[in-house]
Amino acid sequence: MTPIHIALAVLVTFIWGVNFTFIAWALESFPPLMLTALRFFFTAVPLVLFLKPPKFNRTLFIYAIGTFVMQYAFVFTAMHLGASAGLTALLLQVQIFITVLLAYVILGEAVSRMQIIGMLVGVLGLGVIALNLGGDMPLVGFICILIAAIGWSFGNIASKQASTQQSTSNISTASPVDSNNRTSALSALSLVVWGGLIACVILTLSSLLFETEAWHLTTFTHASFKSWLSLGFIVYVSTLIGFGLWAHLLSQNIASKVVPFALLVPVFGMATSVLLIGEVVTWWKVLAMVLILSGLILANVKIGLGRRSAHA
């Protein structure tokens, strides 16, 4: 990865880490499925009127359902049921290990021995959370977040495949590098916006079915300014900017190099949850974070060693 791509990956993980606090604030006024539907409605409208749609195929629908519907419907539900912002951000990173495994099985991307060690260390950190369920992380919330992680993992692979298909279709244009980068960025944004439109339809129907009583005008008129502001951050910063950049990074690099950076999300998520919401930091939360960070460091060492050996 280039220095610019590394900086963008860190920026995205910061945005996504802070986002968990904004989700907690938005859930004060909206039920989880409705909030998720609103998120992707405003993600898609009005940008779908200006962005060329990606190819409508199975890959796009897997991306929309996995990354948007499954991930956020279950994350928002878990937090609605009592899962804290910091622990949700931490536990969700199991998607990293699932994604790398799927990239190996589906895309044929190589996984080194050092990266496997890093993943195992990260899994130990997630195991610490599993041994301390209750309070900040109820069992039902734990299960919901694991389902969300599986959805995000399949979405990552679909995003990579969709971006690769788009890049292949543009090879014959022989555009300059800057033009190719702009095309890739627009394709990534289009993937997020049109995927969000698909997700919005599914989530709205789900909310109307399971949250019927919430669909009254008073839900929207009585929502606090903080909740509306949080929804704005979730839509325009976390979704459009965050997922747009993430899809662009996946299109320019192999998944096993990009995805490990998501381990920084719980660091930013826990820090902002403590500072802004007052989440209590316990010894086992610190231990879990140390183990996960160690897994990220080992994954980065793997990347560095791989590059040195490749140029030897």
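Look above for the structure.
If you're wondering where the values come from, they're calculated on a predicted model, not measured in any experiment.

The rules behind the values
- Residues numbered from 1 in each chain as written.
- Predicted model: local features only at pLDDT ≥ 70, side-chain atom pairs only at ≥ 80, totals over all residues.
- Heavy atoms only, no water.
- Salt bridge = Lys/Arg side-chain N within 4 Å of Asp/Glu carboxyl O.
- Helix = DSSP H or I, 4+ residues; strand = E, 2+ residues; numbered from the N terminus.
- Buried < 20%, exposed > 50% of the residue type's maximum accessible area, 1.4 Å probe, protein only.
- Patch = residues over 30% accessible without salt bridge, like charges linked within 9 Å, V, L, I, M, F, W, Y side chains within 5 Å.
- Areas by Shrake-Rupley, 256 points an atom, 1.4 Å probe, with all protein chains shown as cover.
- Core = buried A, V, L, I, M, F, W, Y, C linked by side-chain atoms within 4.5 Å.
- Contact = heavy atoms within 4.5 Å.
- Expected span 1.5 Å × (residues − 1).
- Phe/Tyr/Trp six-rings, centres within 6.5 Å; stacked < 30°, edge-to-face > 60°.
- Lys NZ or Arg CZ within 6 Å of the ring centre and 35° of its normal.

1. Topic: the pattern of salt bridges
Then comes step 1: Per the counting criterion, the structure on display carries 3 salt bridges.
Then comes step 2: In this structure, the salt-bridge partner of lysine 285 is aspartate 136, at a minimum N-O distance of 2.6 Å. Residue lysine 285 is located in helix α13 (residues 283–310), and its partner aspartate 136 is located in the loop between α6 (113–130) and α7 (139–169); the two are separated by 149 residues in the primary sequence.
Then comes step 3: A relative accessible area of 1% means that lysine 285 is categorised as buried.
Then comes step 4: The partner of glutamate 279 in a salt bridge is lysine 285, with the nearest N and O atoms 3.1 Å apart.
Then comes step 5: Through salt bridges with shared partners, a single ionic network connects Asp136, Glu279 and Lys285.

2. Quick look at a nonpolar patch on the surface
Then comes step 1: Together, Ile62, Leu101, Tyr104, Val105, Ile106, Ile150 and Phe154 make up an exposed nonpolar region whose accessible area comes to about 660 Å².
Then comes step 2: Taken together, the elements giving at least two residues each to the nonpolar patch come down to α5 (94–107) and α7.
Then comes step 3: Residue classification places isoleucine 150 among the partly exposed positions, given a relative accessible area of 38%.

3. Describing the nonpolar core
Then comes step 1: The biggest cluster of nonpolar side chains holds 95 residues, and the ones touching the most others in it are Trp16, Phe20, Leu92, Ile129, Met137, Phe243 and Trp246.
Then comes step 2: Take this core: its biggest share by element is 11 residues, from helix α3 (residues 58–80).
Then comes step 3: Here tryptophan 16 is in contact with Trp152, Ser238, Gly242, Phe243, Trp246 and Val265, once residues within four sequence places are set aside.

4. Thoughts on α5
Then comes step 1: Along its 14 residues, α5 runs 19 Å from first to last C-alpha, staying within 8% of the 20 Å computed at 1.5 Å per residue.
Then comes step 2: Residues of α5 that are buried include every one of Val94, Gln95, Ile96, Phe97, Thr99, Val100, Leu102 and Ala103, and no others.
Then comes step 3: Backbone geometry just downstream of α5 places glycine 108 in the positive-phi region, at approximately 75°.

5. Examining the packing of aromatic side chains
Then comes step 1: Per the stated rule, a full pass over the model turns up 13 aromatic pairs.
Then comes step 2: A ring pair is formed by phenylalanine 22 and phenylalanine 233, whose centres lie 4.1 Å apart and whose planes are at 15°; its orientation type is stacked. Taken together, the residues phenylalanine 22 in helix α1 (residues 3–26) and phenylalanine 233 in helix α10 (residues 225–252) connect sequence positions 211 residues apart.
Then comes step 3: Linked through ring pairs, Phe40, Tyr63, Phe68, Tyr72 and Phe76 together constitute an aromatic cluster.
Then comes step 4: One residue, arginine 39, lies across the ring of tyrosine 72, its end atom 3.8 Å from the ring centre.

6. Overview of unusual backbone geometry
Then comes step 1: For the bond running from valine 45 to proline 46, omega is 10°, close enough to zero to count as cis.
Then comes step 2: Within the secondary structure, proline 46 sits in the loop between α2 (32–44) and α3.

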